Structure formats: C-alpha cells, structure tokens
Amino acid sequence: MEHEPGAGRGTGRGTGTGSIPSPGRWRRGRVLAALALLTALVMSAHRHVPDRVGHLGSLVETFLPWTGVAVPLLLLGALVRRSATAAVAVLLPAVTWCALFGGTLLDKRSGGGDLTVVSHNVNEHNPRPARTARALAAAGADVVALEEMSGTAVPEYAGALASTHPYHSVQGSVGLWSTYPIADARPVDISPWVRAMRATVRTPKGPVAFYVAHLMSVRVTASSGFATGARDAAARRLGAALRAETLPRTVLLGDLNGTFDDRALAAVTSRLRSAQAEAGAGFGFTWPAAFPVARIDQILVRGVDPRSSWTLPATDSDHLPVAAGLKL
C-alpha cells in the first residue's frame, strides 16, 4: 500500500517550537519577578517602610523617584533570561512609578505671577560670593533668600545686591533681600545657632510672611544609618513657628536638607504646598549641583498660588538656586 509523501509525519505543533511559548520561559526569572514585586511594594507603600532603625524610611523617601531606575534594569534582566514571568512582573513597578511621578514630568508652569522669589544655599566656602549674588540679581526676582552665608561673605552679598534689592535683613547665616520694604525681621529658634529667620515683606498686594531656613545637614554612617536627628528636631521647631504665624500668606524659602516626600519633615510640609510640585516641570533636583539627585532646596507656600517654578543655572555653590513665580 502506497502512502502519500509526508503522511504520518508530525506538524510540529505542541512541541514547543511553534507560536506557543515554552513552559521554561514562565519558570525562569522568578528571582527577578520577586525583585520587581518588592520594588513596586516599596514604591507604593514607602510610608510604611520602618523609620526607627537607621531612619530607613526617610532615606527611601529622599531618593524615592530613583526607584524607577530599577524598572529598565529588571526588564533587561528579563530579556537576558528570556523570562516571560519576569517581563510581566516588571509591569507592576513601571505602572506604580508612573502613577506616583507621571504627573511630575508634565510642564505645569504658567504666567500671571505677582511676585518672583529666589532661594539659594550659597555654600559657606563659596569662593566668589559677589559673582553668585550678581547672578541671582540678574534673575529679576523681587525677593532673594540666601542660606549658609559665612560671616565674612555677608558684606559681599549685600554689596552686590544693594542696587537691585535695597531692603534686606541678615540673621545668623541666612538672609532676605527684597525690592519691597521689610519689617518685623527676627531670628527663628530652630537650633543652637541662628539658621532661620522670619520677616514681613510689604508687597503692593499686601504683607507676606517670609521664612528663610537652613535645616541641619544629614549624614549616612555605618553606626547610625541615615543620621537625621538634628534636622528632624529643627523641622519640628520650624513647624511650630509656622503654626503660630498669623499672616494668611506665608512663603518658606530654604535648604531643608530633605525632600517634600520625606515624612520626617511633616511638621513643615503638612502646613505648606510645594511650588515645584504644583507649578514646575520635572523634579527640579538641586543637589549636588554637578549632578543633582534630590530636591532639598524648597519654595513652599500657604495662602498664595504658585504659577511657575524652576531651577537657575549653577553658581559657585554646590546647590542649584531655585525660583518661583507666585500669585498673591
């Protein structure tokens, strides 16, 4: 009996060589999938990361946007391993990151502001204070706040800003310069030495309370982890001063040595809104100036409407200056 050519031969279907993925692609990459799920969990539940030991929660929240770097790395690992399981799992942190920060990437800047403000940690060891001050004056701000000024450099800052900002007050290592009259300037007690101040700026639209603050620096050490104790205590004292403020319009300018997401700064951030979050474009990272990875220099407001927020070009400081246009 003759058979037709090819009779009795398999078609190749169901052997793992056709369009149906091999079961091995789903078995491989389980460790990568677990890492993807853990990354998504940290992103979405960062408020629940314990902060008691080494202030880990505060550290995570300081660099929270950078958790997104894990997404392309995990996806690359999934491709190398040819793991369908890992590739699908990576979707979870990707979607979570977009839900948290997708809106941050939008350009929310608009016009219509009445008051332009600038804040800059000028660096105690700034080699050219006058040049830094002139660069800030050229930004056309109505109000300029400076932090971390050395005592010997204050006259240089004051001299360079005198022609454009005739009103000023310096309290300790922080100062405020304005094109409008300043009244009721005084230090704010947040630390053993003066690192914060409060003043009233008498704008054409009425008085506005301005606070300038430089919270204590933080360090990462082997013994104590993310050492933020002094900063956190200063933030609580600053928060108490803001709570007692009687003027309805308040602006806080300064280096908080922490991000707006950092729970340890809640005494301050829970009472104010971020100009960058409401009216900026992108994250507006400010430190370190050479390659910024975090926004620790803030413009926070209450009773006014942020219309735009941006960073200025680098000066001789290790921080970038920040600016905002406000509607009073």
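See the structure shown above.
Residues numbered from 1 in each chain as written. Predicted model: local features only at pLDDT ≥ 70, side-chain atom pairs only at ≥ 80, totals over all residues. Heavy atoms only, no water.

Caption draft 1: Representation of helix 6 (residues 129-137) in the model. All of the buried residues along helix 6 are Pro129, Ala130, Thr132, Ala133, Leu136 and Ala137. Buried residues in helix 6, looked at end-on, bunch into an arc of 160 degrees, giving them a common side. (Buried < 20%, exposed > 50% of the residue type's maximum accessible area, 1.4 Å probe, protein only. Helix = DSSP H or I, 4+ residues; strand = E, 2+ residues; numbered from the N terminus. Arc of directions from axis to C-beta.)

Caption draft 2: Looking closely at the packing of helix 6 against helix 7 (residues 154-161). Two elements in contact, helix 6 and helix 7, have axes separated by 8 Å at closest approach and are oriented at 35 degrees. Between helix 6 and helix 7 lies a crossing of right-handed hand. In this structure, helix 6 contributes Pro129, Ala130, Thr132, Ala133, Arg134 and Ala137 to the contact, and helix 7 contributes Glu156, Tyr157, Ala160 and Leu161. By residue class, the composition of the contact of helix 6 with helix 7 is seven nonpolar, one polar and two charged. (Axes fitted to C-alpha atoms, helices over the stretch in contact; angles between N-to-C directions. Left-handed = near helix turned anticlockwise from the far one by under 90°. Contact = heavy atoms within 4.5 Å. Nonpolar A, V, L, I, M, F, W, Y, C, P; charged D, E, K, R; others polar.)

Caption draft 3: Up close: the nonpolar core. In this structure, Val117, Leu176, Phe210, Val251 and Leu253 are the most contacted members of the largest nonpolar core, which totals 22 residues. The set of elements that each furnish at least two residues to this core consists of strand 1 (115-121), strand 2 (143-147), strand 4 (174-178), strand 6 (196-203), strand 7 (206-214), strand 10 (250-255), strand 12 (297-302) and strand 14 (322-327). Non-local contacts of Phe210, meaning those with residues more than four positions away in its chain, are made with Leu115, Val117, Val143, Leu176, Met197, Arg198, Ala199, Val201, Val251 and Leu253. (Core = buried A, V, L, I, M, F, W, Y, C linked by side-chain atoms within 4.5 Å.)

Caption draft 4: Fine view of the pairing of strand 4. The buried fraction of strand 4 is high, at five of five residues. Burial of strand 4 is two-sided: the residues Val174, Leu176 and Ser178 facing one way and the residues Gly175 and Trp177 facing the other way are all buried. Strand direction decides the pairing type here: strand 3 (residues 167-171) and strand 4, joined by five bridges, are antiparallel. Within strand 4, the position partnered with Gln171 by the bridge is Val174. Hairpin remark: strand 3 followed by strand 4, antiparallel, with two residues in the connecting loop; positive phi at Gly172, about 65 degrees. (Pairing = 2+ DSSP bridges.)

Caption draft 5: Expanded view of the packing of helix 2 (residues 30-44) against helix 4 (residues 70-81). Relative to each other, helix 2 and helix 4 sit at 165 degrees, their axes nearing to 10 Å. Overall, the two elements helix 2 and helix 4 adopt an arrangement that is roughly antiparallel. The chirality of how helix 2 crosses helix 4 is left-handed. Contacts from Leu32, Leu35, Ala36 and Thr39 in helix 2 reach Ala70, Leu74, Gly77, Ala78 and Arg81 in helix 4. (Parallel < 35°, antiparallel > 145°, perpendicular 65-115°, else oblique.)

Caption draft 6: Summary view of the pattern of salt bridges. Going through the model one piece at a time under the given rule, you end up with twelve salt bridges. Here Lys205 makes a salt bridge to Asp114, at a shortest N to O gap of 3.2 Å. In this pair, Lys205 sits in the loop between strand 6 and strand 7 while Asp114 sits in the loop between helix 5 (84-101) and strand 1, placing the two residues 91 residues apart along the sequence. Residue classification places Lys205 among the partly exposed residues on the basis of a relative accessible area of 46%. By relative accessible area, Asp114 is classed as partly exposed at 27%. Salt bridges linked by common partners bring Arg47, Glu61 and Arg263 together as one network. (Salt bridge = Lys/Arg side-chain N within 4 Å of Asp/Glu carboxyl O.)

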